[in-house]
Amino acid sequence: MIRRIVLLLSAISCLSVPVFSAEEEWCPPSAGPVTTWTAPVCGKGNFVTQPIIFFINTRGTYDNSGNYNSLPEDDKNKSNQFVIFMQYGLTDRLEVDGQAVYQKSFIRQSGVEADSAGLGDSYLFARYCLKEETPDLPQVTLVGQLKVPTGKFENLNPDVLGTDARGSGSYDPGLGIILTKRTKPFIIHADASVSQPLKADVDNIPTKYGTYLNGDVGIECFIYQGLNLLFEANGFYQGKTDLAGTKIDDSNSEYLMLTPGIGWSNDQVQALLAYQRIVSGKNTDVTAALVLTLVYTF
């Protein structure tokens, strides 16, 4: 089973945040959360590129009843992902974004080892700031997104034990909303989105993946001279897959992922080290990941 992994990053920026007063202005730089969107857009004419590296270890699976089943003792399932997230401001309220991922996977199964590497699915986004932050209300930003099937999803090589499966094969349009509120020393972010995969042919089988919902909450706490702590909770649910007109049992999935992290930032450099772990779910892989990102402003 391919577990959907969406990596939505957006660095904090003061460019689109209003100044309440000289005394109340507070907008510390940071690398932002790992998965939760942030509402500020990057500003007209600004181009931001953020690399993120994930070291992922799959520990087992959650079955349809939510029971955890670990991998056999000598088996391993690991992958490294290198993600590039890019933002460009068309206006002070509207930006376009893109995300690409290169993945290398390794599996050891019953004493047999295999690995492969290649491009995963990509994402395109458009974000519009609907309402700027006020002293009492959060900033509100709308996001439209499209998953593009650039990852390998069919004609898989049985000799590499599934490590060459890096995509789903479908175009997935979606819509979402993002909120950000500053309450010193905290910045609180939340987002919710819904995506509907379009029909696809996978190994000549008409395939329609279920609608999926995603909700995230991220809290950054700024504690001392650019140092900040991060905590995120990310929830995901996807309905059953339809193969040639038949709903497949146990093809629905859901999970809850928690992410603590620590970051350090100034106006030129923003860095983050975080740890992601799926703590509950159904019909999904159980993963733990170390996440590193570093943004440098020229």
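Conventions we followed
- Residues numbered from 1 in each chain as written.
- Predicted model: local features only at pLDDT ≥ 70, side-chain atom pairs only at ≥ 80, totals over all residues.
- Heavy atoms only, no water.
- Helix = DSSP H or I, 4+ residues; strand = E, 2+ residues; numbered from the N terminus.
- Rg over C-alpha atoms; globule rule 2.2 N^0.38 Å.
- Buried < 20%, exposed > 50% of the residue type's maximum accessible area, 1.4 Å probe, protein only.
- Contact = heavy atoms within 4.5 Å.
- Core = buried A, V, L, I, M, F, W, Y, C linked by side-chain atoms within 4.5 Å.
- Disulfide = S-S within 2.5 Å.
- Phe/Tyr/Trp six-rings, centres within 6.5 Å; stacked < 30°, edge-to-face > 60°.
- Pairing = 2+ DSSP bridges.
- Salt bridge = Lys/Arg side-chain N within 4 Å of Asp/Glu carboxyl O.
- pLDDT = per-residue confidence, 0-100.
- Polar contact = N/O pair within 3.5 Å; in protein donor to acceptor, adjacent residues only side chain to side chain.

Draft legend 1. Molecular detail of the overall build of the chain. A tally of helices and strands in the chain yields zero helices and 18 strands. Whereas a compact globule of 298 residues would reach a radius of gyration of roughly 19 Å, the chain reaches 20 Å, a difference of no more than 12%. Dimensions of the chain along its principal axes, counting C-alpha atoms only, are 65 × 40 × 35 Å. Residue burial in the chain is summarised as follows: out of 298 residues, 47% are buried. A sequence separation of at least 24 residues applies to 63% of the contacts in the chain between residues at least 6 apart.

Draft legend 2. Region of the structure containing the nonpolar core. In this structure, Val-34, Trp-37, Ile-52, Phe-54, Phe-125 and Val-291 are the most contacted members of the largest nonpolar core, which totals 19 residues. Going through the elements one at a time, strand 1 (47-62), strand 3 (76-89), strand 6 (122-131), strand 17 (269-282) and strand 18 (284-296) are the ones with two or more residues in this core. Among the nonpolar cores identified, the runner-up in size contains seven residues, and Tyr-62, Tyr-212, Phe-236 and Val-286 belong to it.

Draft legend 3. Here's a closer look at the state of the cysteines. As enumerated under the stated definition, the model contains zero disulfides in all. Cysteine Cys-42 remains unbridged, with the sulfur of Cys-129 as its closest cysteine sulfur at 12 Å. A residue is classified by how much of its surface remains accessible, and Cys-42, at 4% relative accessible area, is buried. Take Cys-129: its relative accessible area is 1%, and that puts it in the buried class.

Draft legend 4. Region of interest: the packing of aromatic side chains. Counted under the stated rule, the structure contains eight aromatic pairs. Aromatic ring contacts, followed pair by pair, group Trp-37, Phe-85, Tyr-123 and Phe-125 into a single cluster.

Draft legend 5. Quick peek at unusual backbone geometry. Put simply, Lys-184 and Pro-185 share a cis peptide bond, and its omega is 10°. Backbone geometry at Asn-155 places phi at a positive 55°, although glycine is not the residue there. The topology assignment puts Asn-155 in the loop between strand 7 (139-148) and strand 8 (172-183). A positive phi angle is found at Asn-204, which is not glycine, with a value near 65°.

Draft legend 6. View of the sheet that holds strand 11 (residues 205-208). Overall, antiparallel pairing links the four strands, which are arranged 10-11-14-15 in an open sheet. Edge strands, defined here as strands with exactly one partner in the open sheet, are strand 10 (200-202) and strand 15 (246-247). Across three bridges, the pairing between strand 10 and strand 11 is antiparallel. By the bridge assignment, Asp-201 is partnered in strand 11 with Pro-206.

Draft legend 7. Representation of the pattern of salt bridges. Per the stated rule, a full pass over the model turns up nine salt bridges. Note that Asp-115 and Lys-104 form a salt bridge whose closest N and O atoms lie 3.4 Å from each other. One end of the pair, Asp-115, is in strand 5 (residues 112-119); the other, Lys-104, is in strand 4 (residues 94-109), with eleven residues separating them in the sequence. Here Lys-104 falls in the partly exposed class, since its relative accessible area comes to 42%. Taking the shortest distance from any N to any O, the salt bridge between Glu-133 and Arg-182 comes out at 3.0 Å. Taken together, the positions of Glu-133 in the loop between strand 6 and strand 7 and Arg-182 in strand 8 put the pair 49 residues apart, joining distant regions of the chain. This pair shows no difference in class: Glu-133 is buried, exactly as Arg-182 is. Connected via shared salt-bridge partners are Glu-95, Asp-97 and Arg-127.

Draft legend 8. Examining the confidence of the model for the chain more closely. Across the chain, the average pLDDT comes to 92, with 91% of residues at 70 or higher. Scored below 50 in pLDDT, residues 1-23 makes 81 contacts in the model with residues more than four places away or belonging to other chains.

Draft legend 9. Focus on the environment of Arg-108. Position of Arg-108 among the secondary structure elements: in strand 4. For Arg-108, a relative accessible area of 24% translates into the label partly exposed. For Arg-108 and Asp-250, which are 142 residues apart along the polypeptide, the C-alpha to C-alpha distance reads 25 Å. With residues up to four places along the chain from it excluded, the contact list for Arg-108 reads Asp-74, Asp-75, Lys-76 and Glu-113.

Draft legend 10. How the structure looks around the side chain of His-189. Note on placement: His-189 falls in strand 9 (residues 186-195). Engagement of the side chain of His-189 in a polar contact is seen with the side chain of Glu-220, the distance being 2.9 Å.

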